[in-house]
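Now for the letters of each chain:
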Amino acid sequence: MKDNFGHCLRMLLKHEGGFVNHPKDPGGMTNLGVTKAVYDKWIGRESTEQEMRDLTPDDVAPIYKKNYWDKVRGDDLPGGVDWCAFDWAVNSGSGRPAKAIQRAVAAKQDGAIGPMTLQAVADKDPREIIESVYHTRQKFYERLKTFETFGKGWTRRNKETLETALEMANG
């Protein structure tokens, strides 16, 4: 929903936390949820560990807006649907939540939210879409080889996202 980006970003940053470099995380060095690879691409060069440690919300906000929020058409989705799509896009790429939304509204599952998907979303109860995305996301996590290591946190995050998204959808 238009104007929800700032609110959703603040919630996202609570999920993402600060600097981590977990040896079992395929994303590697990460701060505020932005991996070193994503940040390096954003700035057009290789960053140092200290630069990664020093990232601020202001540094990462434009990355989140362009690479994730805009990719899932957050400004065009209903409140709550925007949040669940954005949070999962950051966690797993924009194609997965886009396809989950498309599946929930019986649109072509091409992983890119366009006018036809948006029309189908407008014709469906946002709470049904949110519930469907939640279940699809959970099944995705449970199939990952790193679920044993990170599954408890992913499951908690998915549940929190569901609850908040439903609150947003209810106004």
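The notes below deal with the structure included here. Quick caveat, the model's predicted, so the values are computed rather than measured.

A few points about the overall build of the protein
The helix and strand inventory of the protein stands at 9 helices and 2 strands. Computed over the C-alpha atoms, the radius of gyration of the protein is 16 Å, within 12% of the 16 Å expected from 2.2 N^0.38 for a compact globule of 171 residues. Counting only C-alpha atoms, the protein reaches 50 × 35 × 30 Å along its principal axes. The buried share among the 171 residues of the protein stands at 46%. Between the averaged position of the 26 positive side-chain charges in the protein and that of its 25 negative side-chain charges there is a distance of 5 Å.

Let's talk about the layout of surface pockets
Taken as a whole, the largest pocket encloses approximately 960 Å³ of empty space. Around the largest pocket, the lining comprises 34 residues; the ones closest to its centre are Glu16, Asp25, Asn91, Trp154 and Arg157. It is helix H9 (residues 147-169) that contributes the most residues to the lining of the largest pocket, 7 residues altogether. Within the lining of the largest pocket, the residues separate by chemical class into 13 nonpolar, 14 polar and 7 charged.

Concerning the packing of aromatic side chains
Under the definition given, this model contains 9 aromatic pairs. Ring centres of Trp69 and Phe86 lie 5.3 Å apart, and the angle between their planes is 85°; on these two criteria the pair is classed as edge-to-face. One end of the pair, Trp69, is in helix H4 (residues 57-69); the other, Phe86, is in helix H5 (residues 81-92), and 17 residues separate them in sequence. Comparing Trp69 with Phe86 shows no difference in burial state: the two are buried.

Some words on a positive patch on the surface
Positive charge collects at one region of the surface, where Arg96, Lys99, Arg103, Lys139 and Arg143 lie side by side. When residues of the positive patch are assigned to their parent elements, the largest contribution, 3 residues, is made by helix H6 (residues 95-104).

Quick word on the state of the cysteines
Counting across every chain of the model gives 0 disulfides. The thiol of Cys8 is unpaired, and the distance to the nearest cysteine sulfur, on Cys84, comes to 9.6 Å. The exposure class of Cys8 is buried, given its relative accessible area of 0%.

A short note on the packing of H5 against H6
Orientation of H5 relative to H6, taken along the N-to-C sense of each, is 140°, at an axis distance of 7 Å. Mapping the contact onto sequence places Val81, Ala85, Trp88, Ala89 and Ser92 in H5 and Arg96, Pro97, Ala100 and Ile101 in H6. Broken down by class, the residue content of the contact of H5 with H6 amounts to 7 nonpolar, 1 polar and 1 charged.

What counts as what
Residues numbered from 1 in each chain as written. Predicted model: local features only at pLDDT ≥ 70, side-chain atom pairs only at ≥ 80, totals over all residues. Heavy atoms only, no water. Helix = DSSP H or I, 4+ residues; strand = E, 2+ residues; numbered from the N terminus. Rg over C-alpha atoms; globule rule 2.2 N^0.38 Å. Buried < 20%, exposed > 50% of the residue type's maximum accessible area, 1.4 Å probe, protein only. Lys, Arg positive; Asp, Glu negative; His and termini not counted. Charge placed at Lys NZ, Arg CZ, Asp CG, Glu CD. 1 Å grid on protein atoms, 1.4 Å probe; cavity = no way out; pocket = protein on both sides within 12 Å on 5 of 7 lines; lining within 4 Å. Points joined across faces, edges and corners; volume = space filled by probe spheres on them. Nonpolar A, V, L, I, M, F, W, Y, C, P; charged D, E, K, R; others polar. Phe/Tyr/Trp six-rings, centres within 6.5 Å; stacked < 30°, edge-to-face > 60°. Patch = residues over 30% accessible without salt bridge, like charges linked within 9 Å, V, L, I, M, F, W, Y side chains within 5 Å. Areas by Shrake-Rupley, 256 points an atom, 1.4 Å probe, with all protein chains shown as cover. Salt bridge = Lys/Arg side-chain N within 4 Å of Asp/Glu carboxyl O. Disulfide = S-S within 2.5 Å. Axes fitted to C-alpha atoms, helices over the stretch in contact; angles between N-to-C directions. Contact = heavy atoms within 4.5 Å.

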